[in-house]
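Each chain, written out:
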Amino acid sequence: MTRLLCSAALALPLLLCAMPAAAEDDDAAPLTDTIVVTGQRQTPLEEATDPLSGHASLPDAAALTARLPGAALIGNGPISGQVQFRGLFSDRLAIRVGGQSFQTGGPNAMDPPLHYAPAILLDTIKVSRGAAPVSEGPGMGAMVDARLKSVRFGSGTELAPQASLAASYRSADQGYAAGGVAGLASERLRLGVIASWEQGSDYRIPGGHARDTGYERLTYGLSAGFRSQGQTLSLDLRRQETGPSGNPPYAMDIDYFHTDFARLGFDGRIGALPLALELGYVDVRHGMDNFSLRPAPTSAAQYRYSYAEAQTMTARARIGIGPLALGADLAQVDRTVTISNPNNPAFFIASLDRIEQSRLGLFAEARFDRAGWQADLGLRIDWHRAQMANPAVGSGVPAMIVNLANQTALGNAPRRDTTWDAVLRVWREDGALRPRLVLSRKSRVPNAVERFSWLPTEASGGLADGNIYIGRQTLRPEVAWAAEAGVDVIVGGVSLRPSLFYRRVDHYIQGGPVPASMPLQIAIATMNGDSTPLIASNVDAELYGFDADLGWQILPQLRFDATVSYVRGQRRDLADNLYRIAPLNGRVALAWQGTGWSLSGELVGAAAQRKVSATNGEAPSSGWVSANLWFGLDLGKTVQLSGGIENLFDRRYADHLAGRNRVPGGDVGLGERLPAAGRSLFVRLGLDF
Ligand SMILES: [Cu+2]
């Protein structure tokens, strides 16, 4: 299969390009979008084509991913951004780092999965267009896999050095990042270290600064692989230490995340049959508070420090039998969240207390190939179990909360669900017209916050809508039926890839009014400033829309690129819109590719969003347009300089999906959507050999 890389990426490995790419193994080319961040070490099989369509200077992989058609960025903090894809986000997407899936630690997703994929360490991001194959595990919508750089197997018998290093600076937040991989590799063995350090201050907006938006993050780890006679064994160990970082849309900021990743993989054969095995472990430890980064509360009683942890253990096996793949996967997640007041040792509340979630899944996938048409059909079944310990509270908490903890214990029980998923994908890989169709039935079980959050708090898995929420143990799994169809038109120097999609979700989980039969919860929420709290409820919803990208090689050196995305999300059981859905948005770029250099100008914009959720108290937003300039410069064979100027005209605007500020005393009003950074210079120096 031919892999497409961009000529820009070949000449200037740190420019970013998005295109239909057939990546390794069994990925279906027209059904996967790949952002190639580093264009290094391509084999002769990889073919040089096109564009230069993507850049972003933000520290997280989420911002880069958001440049793909259908995708958008939900800004909850400088390093807490989430990707939205066709209106779905959070646990509804299958988001991986290096192929590994795990439970984030924060009950408010201060560490969404892509928090663990610093842009400075990124190699590629792959996004499935349409529902992900069942072999990728549960997840209602697309799969996003952010792969970090690694030392790869070499071509000789002797160990040879390899390195891919980069350093960048962004003027808006005086943020710098440095990192990369280095190691030794032969055709049989690879050994590498990975490390990065990133730090930024409050970012500048036209007319001031966005308070509480600084961040710091350290990543380091080891990776090794051994290959012999077609069998490969690999081991990855990585630790990420996030330091004090702001989250202005939330009630608290990150004090720290200490997260360990471990992954052991085997790829080979048993007899003549291909076999893949994988073991993964992720341990997140997290502290957050409302007093150390933002202005502290006036009363000592209102100080809060929350400690959260989550351990995820995963195992996966997959065997190929002719056109058939059979597999099993297991996941076990343990998590706990405890709220405390550092001024009062008797005040603590286990708001998610010793939760255990487990899942066993079995899947089968069959691949067909006839007369230029390809198809795969997959089925999976999962058995889920979830339970919480009876919540513990300290002696210093108000009696109402003690009563609610006792009441919760009475209704507390293990919860079991069985779900099944089916995905059919049909596509063509050649010809000027390449149709693709994905039909799916997918499901998602309620997450721990939606199910077990018994204490009325603002924890909502990252919604950050300011509402107080409680969970509901008896929730049913969400079930989504979806059809996603498109055609890739590839004629001469033009490639146009439009898609249409419709997704109907039954039992969609969203906050609804807390019934009057729960007076204790309403009283506690009222005490905390929200007399109309919401309870996680099964409702009915639908999402539909279209997205497309266009690439046009006008001249050998001149290229035009455009992307457009539109999604509409609404309730089916009552007249309301879904919350935090991206408005119509897009970008156009014109690029000139010289010999060893390139320059491009880009306009990015979004329409106003007035189709907002009344249930979540969402405010409408107005549209915006922003201009960026990007450049790339080859400094010899191994060194590249790239960068640009963002928000060229220094306009003050805020995206609809940006979180709303809750930190007083800065240059952004309370409740105001966090504006984008003002005019900002970005430079990045890369060294690859
Ligand atoms: Cu947190």
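Conventions used here
Residues numbered from 1 in each chain as written. Predicted model: local features only at pLDDT ≥ 70, side-chain atom pairs only at ≥ 80, totals over all residues. Heavy atoms only, no water. Salt bridge = Lys/Arg side-chain N within 4 Å of Asp/Glu carboxyl O. Helix = DSSP H or I, 4+ residues; strand = E, 2+ residues; numbered from the N terminus. Buried < 20%, exposed > 50% of the residue type's maximum accessible area, 1.4 Å probe, protein only. Donors = N, O, S within 2.8 Å, 3.2 Å for Na, K, Ca; no water. Axes fitted to C-alpha atoms, helices over the stretch in contact; angles between N-to-C directions. Left-handed = near helix turned anticlockwise from the far one by under 90°. Contact = heavy atoms within 4.5 Å. Nonpolar A, V, L, I, M, F, W, Y, C, P; charged D, E, K, R; others polar. Pairing = 2+ DSSP bridges. 1 Å grid on protein atoms, 1.4 Å probe; cavity = no way out; pocket = protein on both sides within 12 Å on 5 of 7 lines; lining within 4 Å. Points joined across faces, edges and corners; volume = space filled by probe spheres on them. Arc of directions from axis to C-beta. Phe/Tyr/Trp six-rings, centres within 6.5 Å; stacked < 30°, edge-to-face > 60°. Patch = residues over 30% accessible without salt bridge, like charges linked within 9 Å, V, L, I, M, F, W, Y side chains within 5 Å. Areas by Shrake-Rupley, 256 points an atom, 1.4 Å probe, with all protein chains shown as cover. Expected span 1.5 Å × (residues − 1). Core = buried A, V, L, I, M, F, W, Y, C linked by side-chain atoms within 4.5 Å.

1. A short note on the pattern of salt bridges
Here is step 1: For the structure shown, the criterion picks out 41 salt bridges.
Here is step 2: Between D253 and R294 there is a salt bridge, with the nearest N and O atoms lying 2.8 Å from each other. Here R294 lies in the loop between β19 (273–289) and β20 (305–321) and D253 lies in strand β18 (residues 253–270), a separation of 41 residues in the sequence. Considered together, D253 and R294 belong to a single accessibility category, that of buried residues.
Here is step 3: One salt bridge connects D488 with R436, and the closest N-O pair in it is separated by 2.7 Å. Of this pair, D488 sits in strand β27 (residues 478–491) while R436 sits in strand β25 (residues 433–444), and the two are 52 residues apart along the sequence.

2. Considerations on the coordination of the copper ion
Here is step 1: Within the first shell, the copper ion binds the protein through M110 (SD), H286 (NE2) and M288 (SD), at distances of 2.0 to 2.4 Å.
Here is step 2: Positions of the donor residues of the copper ion along the chain correspond to the pattern M-x175-H-x1-M. Across this residue pair, the class does not change: H286 and M288 are buried.

3. Digging into the packing of helix α3 (residues 399–410) against helix α5 (residues 519–527)
Helices that pack against each other are described as a pair by the angle of their axes relative to one another and the distance between those axes.
Here is step 1: At a minimum axis distance of 10 Å, the contact between α3 and α5 shows a crossing angle of 145 degrees. Crossing of α3 over α5 shows left-handed handedness. Residues M400, I401, N403, L404 and Q407 of α3 touch α5, and the partners they reach there are L520, Q521, A523, I524 and M527.
Here is step 2: Tallied by class, the residues present in the contact of α3 with α5 amount to seven nonpolar, three polar and no charged.

4. Looking at the pairing of β27
Here is step 1: Relative to β27, β25 runs antiparallel, the two sharing 12 bridges. Note on β27: the bridge partner recorded for R441 is W481.
Here is step 2: In terms of strand pairing, β27 meets strand β29 (residues 499–513) through eight bridges, oriented antiparallel. Bridging across to β29, W481 finds its partner in R504.
Here is step 3: With three bridges joining them, β27 and strand β28 (residues 494–496) adopt antiparallel strand pairing. Bridge assignment links I490 to a residue of β28, and that residue is S495.
Here is step 4: Remark: two residues form the turn of the hairpin made by β27 and β28, two consecutive strands paired antiparallel; G492 in that turn has positive phi of roughly 55 degrees.

5. What about empty space enclosed by the protein?
Here is step 1: All chains considered together, the criterion is met by nine cavities of 30 Å³ or more.
Here is step 2: What the largest cavity holds in volume is close to 1000 Å³.
Here is step 3: In this structure, the largest cavity is lined by 49 residues; those nearest its centre are L58, L73, Y653, D655 and A676.
Here is step 4: Every element with two or more residues in the lining of the largest cavity is listed here: α2 (61–65), β5 (71–74), β32 (585–593), β33 (597–606) and β34 (624–635).
Here is step 5: By volume, the second largest cavity is sized at about 370 Å³.
Here is step 6: Around the second largest cavity sit 23 residues that line it, and R92, E450, S460, L463 and I509 are the ones nearest its centre.

6. Digging into the environment of A541
Here is step 1: Structurally, A541 can be placed in strand β30 (residues 534–553).
Here is step 2: When its relative accessible area of 0% is taken as the criterion, A541 is described as buried.
Here is step 3: Beyond its immediate chain neighbours, meaning those up to four positions away, A541 contacts R503, R504, V505, Y508, Q570, R571, R572 and L578.

7. Overview of α5
Each α-helix winds once per 3.6 residues, and so residues spaced three or four apart point in a common direction.
Here is step 1: Residues L520, Q521, I524 and A525 constitute the buried set of α5. Looking straight down α5, one finds that the buried residues subtend no more than 130 degrees of arc, so they occupy a single side.
Here is step 2: Each element contacted by the buried residues of α5 is listed here: α3 and β26 (469–470).
Here is step 3: Trailing α5 by a residue or two, G529 shows a phi angle of about 100 degrees, which is positive.

8. A look at the layout of surface pockets
Here is step 1: In this structure, the second largest pocket encloses a volume near 1100 Å³.
Here is step 2: Taken together, 40 residues make up the lining of the second largest pocket; nearest its centre are A251, M252, N290, R304 and N528.
Here is step 3: Those elements that provide at least two residues to the lining of the second largest pocket are β21 (324–341) and β22 (344–370).
Here is step 4: The greatest single-element share of the lining of the second largest pocket, amounting to five residues, is contributed by β22.
Here is step 5: A breakdown of the residues in the lining of the second largest pocket according to their chemical character gives 24 nonpolar, 12 polar and four charged.

9. Points about the packing of aromatic side chains
Here is step 1: Using the criterion set out here, one finds eight aromatic pairs in the structure.
Here is step 2: Seen from their ring centres, Y116 and F261 are 5.3 Å apart, and the 65 degrees between their planes marks the pair as edge-to-face. You can see Y116 sitting in the loop between β8 (94–97) and β9 (122–128) and its partner F261 sitting in strand β18, a full 145 residues away along the chain.
Here is step 3: The exposure class assigned to Y116 is buried, which follows from its relative accessible area of 0%.

10. Thoughts on a nonpolar patch on the surface
Here is step 1: A cluster of nonpolar side chains, namely V494, L496, W552, I554, L555, L590, W592, W597, L599, L633, L635 and L685, defines an oily patch on the protein surface of about 990 Å² accessible area.
Here is step 2: When contributions to the nonpolar patch are tallied by element, the ones reaching two or more residues are β28, β32, β33 and β34.
Here is step 3: For L590, the position within the fold is in strand β32.

11. A closer look at the environment of A166
Here is step 1: Counting through the fold element by element, A166 comes out in strand β11 (residues 160–170).
Here is step 2: Taking the C-alpha atoms as reference, A166 lies 24 Å from Q82; in sequence the two are 84 residues apart.
Here is step 3: A166 has contacts with I120, K149, A177, A178, G179, R684, L685 and G686, leaving out every residue within four places of it along the chain.

12. Quick word on α3
Here is step 1: The end-to-end C-alpha separation of α3 is 17 Å, in line with the 16 Å expected for 12 residues at 1.5 Å each.
Here is step 2: Along α3, the positions that sit buried rather than exposed are I401, L404, A405 and T408. Burial along α3 is one-sided: seen end-on, the buried residues are contained in an arc of 105 degrees. Exposed residues on α3 whose side chains face more than 90 degrees from its buried face are A399 and L410.
Here is step 3: Lining the buried residues of α3 we find β22 and α5.

13. Points about the sheet that holds strand β6 (residues 82–85)
Here is step 1: Across the sheet, which stays open at both edges, the three strands sit in the order β5-β6-β7 with antiparallel pairing between neighbours. Edge positions in the sheet fall to β5 and β7 (88–89), since each has one partner strand and no second.
Here is step 2: Bridge count between β5 and β6: four bridges; the pairing is antiparallel. Counterpart to A71 in the pairing with β6 is F85.

14. Focus: unusual backbone geometry
Here is step 1: A positive phi angle, near 45 degrees, is found at Q174, a position not held by glycine.
Here is step 2: The topology assignment puts Q174 in the loop between β11 and β12 (175–185).
Here is step 3: In the Ramachandran plot, R354 falls in the positive-phi region, its phi being about 45 degrees despite a non-glycine side chain.
Here is step 4: Checked against the element boundaries, R354 lands in strand β22.

15. Observations regarding the nonpolar core
Buried together is how nonpolar side chains tend to be arranged in soluble globular proteins.
Here is step 1: If you look at the biggest cluster of nonpolar residues, it comprises 52 residues, and the most contacted ones within it are L114, A117, L122 and I125.
Here is step 2: Non-local contacts of L114, meaning those with residues more than four positions away in its chain, are made with D60, A61, A62, T65, V83, I95, R96, V144 and A146.
Here is step 3: If you look at the next biggest cluster of nonpolar residues, it comprises 20 residues, including I339, I349, V397 and L455.

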